[in-house]
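Results of the structural survey
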Amino acid sequence: MAGLLGIEELSREEIQAILDRAKDFQPVQDQTFKRLDILRGKMIVNLFYEASTRTRTSFEIAAKRLGADAISITAAGSSVAKGESLVDTLNTLAAMRPSAIVIRHWASGAPHFLARHLPIPIINAGDGTHEHPTQALLDARTILDCRETLEGLRVAIIGDVVHSRVARSNIHLLSKFGARIVLCGPASLVPPELAAIAPGVEITYDMREAIRDADVIMMLRVQLERQHEAAFPAGEYFQFYGLRLEHLELARPNAIVMHPGPINRGREISSEVADSQRSVILNQVENGVAVRMAVLERILCQ
Ligand code: CP
């Protein structure tokens, strides 16, 4: 791996290798994590043009746990706020010779553009509505902590699918492993062409139908920042597409509830569900560190 731009271009074997290695990096009970020497002498730059809590922090923790130096830069606190372009910003950072650059950008394809122009591994931490590869990897790790295989699982992905890079990366990953994927949400947020992302993807606009017999219920945040006009009546969203306790009775008895975060309680998920035994939302966050350690090691220790 020269970097990590998306799940679409990874093979099943490459994904499996990252998921297996991430398991080695998961914390053991209450043991404190010993800093490793695997990336000693390396420097990771996190450059975030969009807000982030989970991804930015966990990349920084992952780099430090592997023994690397890590710095995080946000657009608002950098010379981007003075008008510096993406290319000039990246050339400036590249001149300081980092070992890899982790970038989140509002423009789909921004990491791919940089990867073509910079001789440094670029790791996509979310580009516009395109992909969020490490989120799909940590989601797969979380599912596999609860199930033996992804093959044959029914995964309902519900909400603002059209704007979701998380959904797109998960669809690519889950379909490579033979999961059955059903997309659901308001018609304005789940257009029929999304079924073409991968073979076998189903679409329904009926939340109860999507959840029936699901093994995994993956809720998505409504991305108001990417909607230029109201895509649905805001007051009705929770009524039709908000996950409530009563829905869980339709799913498989051991179904798990996921959400990439940040969650909006009372919009896409009720507090009772988010805080229930079925919810693995914080397990997802925890696995974010282990998966990003596996990704950084794979990219920087070739
Ligand atoms: N899931 C996710 O990408 O969260 P952040 O925006 O907090 O990084």
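Throughout, a residue's number is its position along its own chain's written sequence, starting from 1. Reporting of local features is limited, given that this is a predicted model, to residues whose pLDDT is at least 70; pairs of side-chain atoms are given and counted only at 80 or more, and all residues count toward the totals for whole chains, interfaces and linings. Side-chain numbers come from the whole structure's heavy atoms, not from hydrogens or water.

Considerations on the overall build of the protein
Helix and strand content of the protein: 11 helices and nine strands. Relative to a compact globule of 302 residues, whose C-alpha radius of gyration would be 19 Å, the protein shows 19 Å and is just as compact. Summarising its shape, the C-alpha atoms of the protein cover approximately 55 × 45 × 35 Å along the three principal directions. In this scheme, a residue with accessible area under 20% of its type's maximum is buried, one over 50% is exposed, and one in between is partly exposed, where area comes from a 1.4 Å probe on protein chains only. Per-residue burial over the protein gives 56% buried out of 302 residues. Within the protein, contacts between residues at least 6 apart in sequence are counted, and of these 74% link residues at least 24 apart. Counting only carbon and sulfur atoms, one obtains 50% of the accessible surface of the protein, whose full area is about 13,300 Å². Within the protein, one finds 33 positive and 36 negative side-chain charges whose respective centroids are separated by 5 Å. Numbered from the N terminus, helices here are DSSP runs of H or I no shorter than four residues, and strands are runs of E no shorter than two. What the globule rule says is 2.2 Å times the number of residues to the power 0.38, and the radius of gyration is computed from C-alpha atoms. Throughout, a contact is declared for two residues whenever any of their heavy atoms are within 4.5 Å. Only the protein chains shown count as covering a residue, and every accessible area follows the Shrake-Rupley method with a 1.4 Å probe. When charges are tallied, Lys and Arg are placed among the positive residues and Asp and Glu among the negative ones, while His and the ends of the chain are skipped. Charge positions come from single atoms, namely NZ of Lys, CZ of Arg, CG of Asp or CD of Glu.

Examining the site of the ligand
It suffices for a single heavy atom of a residue to lie within 4 Å of a molecule or strand for the residue to be listed as near it. Neighbouring the ligand are Ala-51, Ser-52, Thr-53, Arg-54, Thr-55, Arg-104, His-132, Gln-135, Pro-260 and Gly-261. The term polar contact refers here to a pair of N or O atoms within 3.5 Å; inside protein, the definition further demands a hydrogen-donor-capable atom paired with an acceptor-capable atom, and it admits residues adjacent in sequence only when both atoms are side-chain atoms. Contact between the ligand and Arg-54: an oxygen atom at 2.9 Å from a main-chain N or O atom of the residue. A distance of 3.0 Å is found between a nitrogen atom of the ligand and a side-chain nitrogen or oxygen belonging to Gln-135. Contact with the protein chains removes 92% of the 250 Å² of surface that the ligand exposes when unbound. Think of it as three bins: nonpolar holds Ala, Val, Leu, Ile, Met, Phe, Trp, Tyr, Cys and Pro, charged holds Asp, Glu, Lys and Arg, and polar takes everything else, Gly as well. By residue class, the composition of the shell around the ligand is two nonpolar, six polar and two charged. Residue ranges labeled as domains rest on an automatic or database domain assignment. When we break the shell around the ligand down by domain, the ones giving at least three residues each are domain 1 (12–132 + 285–300) and domain 2 (133–280).

Re the pattern of salt bridges
For this document, the term salt bridge refers to a Lys or Arg side-chain nitrogen within 4 Å of an Asp or Glu carboxyl oxygen. Scanning the entire structure with this criterion turns up 11 salt bridges. One salt bridge connects Lys-23 with Asp-145, and the closest N-O pair in it is separated by 3.6 Å. One end of the pair, Lys-23, is in helix α1 (residues 12–25); the other, Asp-145, is in helix α5 (residues 133–146), with 122 residues separating them in the sequence. When salt bridges that share partners are traced, they join Arg-21, Asp-24 and Glu-297 into one network.

Focus: the packing of α5 against helix α6 (residues 165–176)
Here, axes are lines fitted to C-alpha atoms. For helices the fit covers the stretch in contact, and angles between N-to-C directions go from 0 to 180 degrees. Interhelical geometry of α5 versus α6 gives an angle of 55° and a closest axis separation of 8 Å. Comparing their axes, α6 and α5 come out oblique. For the pair α5 and α6, the crossing hand works out as right-handed. Together, Pro-133, Gln-135, Ala-136, Leu-137, Asp-139, Ala-140 and Ile-143 of α5 and Val-166, Ser-169, Asn-170, Leu-173 and Leu-174 of α6 make up the contact between the two elements. Within the contact of α5 with α6, the residues separate by chemical class into eight nonpolar, three polar and one charged. Each angle gets one of four labels, with under 35 degrees taken as roughly parallel, over 145 as roughly antiparallel, 65 to 115 as roughly perpendicular, and the rest as oblique. Here a crossing is called left-handed whenever its near helix is offset anticlockwise from the far helix by less than a right angle, and right-handed whenever the offset is clockwise.

What to know about the domain arrangement of the protein
What the domain assignment lists for the protein is domain 1 (12–132 + 285–300) and domain 2 (133–280). Just the C-alpha atoms count here: the centres of domain 1 and domain 2 sit 25 Å apart. When domain 1 packs against domain 2, the two sides together hide about 2,300 Å² of surface, and 58% of this comes from carbon and sulfur. At the surface where domain 1 touches domain 2, the tally comes to three salt bridges. Residue Arg-165 is joined to Glu-50 by a salt bridge in which the shortest nitrogen-to-oxygen separation is 2.9 Å. If you look at where domain 1 meets domain 2, you find 15 residue pairs in polar contact (both at pLDDT 80 or more). Those elements giving two or more residues to the side of domain 1 that touches domain 2 turn out to be α1, α2 (54–65), β3 (100–105), β4 (122–127) and α11 (281–300). The buried area of a pairing is the accessible area, by a 1.4 Å probe, that goes missing from both parts when the two are put together, added over both.

Here we look at the sheet that holds strand β7 (residues 202–204)
With parallel pairing, five strands are arranged side by side in an open sheet as β7-β6-β5-β8-β9. The sheet is open, and its two edges are formed by β7 and β9 (256–258), each paired on a single side. Between one strand and the next, the sheet's axes are offset by a mean angle of 20°, whatever the strand orientation. What makes two strands pair is DSSP finding at least two bridges between them.

Here we look at the nonpolar core
By size, the foremost hydrophobic cluster in this structure holds 60 residues, and its most contacted members are Leu-137, Leu-150, Ile-157, Leu-173, Leu-183 and Leu-296. Looking at this core, the element that brings in the most residues is α11, giving nine residues. Leaving out residues up to four positions away in the same chain, Leu-137 has contacts with Leu-4, Ile-7, Ile-15, Ile-18, Leu-19, Leu-173, Val-291 and Val-295. Residues Met-207, Tyr-237, Leu-250 and Ala-255 belong to the second largest nonpolar core, which totals 25 residues. We call a set of buried residues a nonpolar core when its members are Ala, Val, Leu, Ile, Met, Phe, Trp, Tyr or Cys and they connect through side-chain atoms within 4.5 Å of each other.

A look at α1
For a helix, the expected span equals 1.5 Å multiplied by the number of residues minus one. Relative to the 20 Å expected for 14 residues at 1.5 Å per residue, α1 spans 20 Å between its end C-alpha atoms, a close match to the ideal helical length. Inspection of α1 places Ile-15, Ile-18, Leu-19, Ala-22 and Phe-25 among the buried residues, and these make up the whole buried set. One side of α1 holds all its buried residues, which, seen down the axis, span an arc of 110°. Those residues of α1 that are exposed and angled more than 90 degrees off the buried face are Glu-13 and Asp-24. This arc is built from the directions going out from the helix axis to the C-beta atoms.

Quick look at the environment of Ala-294
Following the sequence through the fold, Ala-294 ends up in helix α11. Note: C-alpha distance between Ala-294 and Leu-19 (275 residues apart in sequence) is 7.8 Å.

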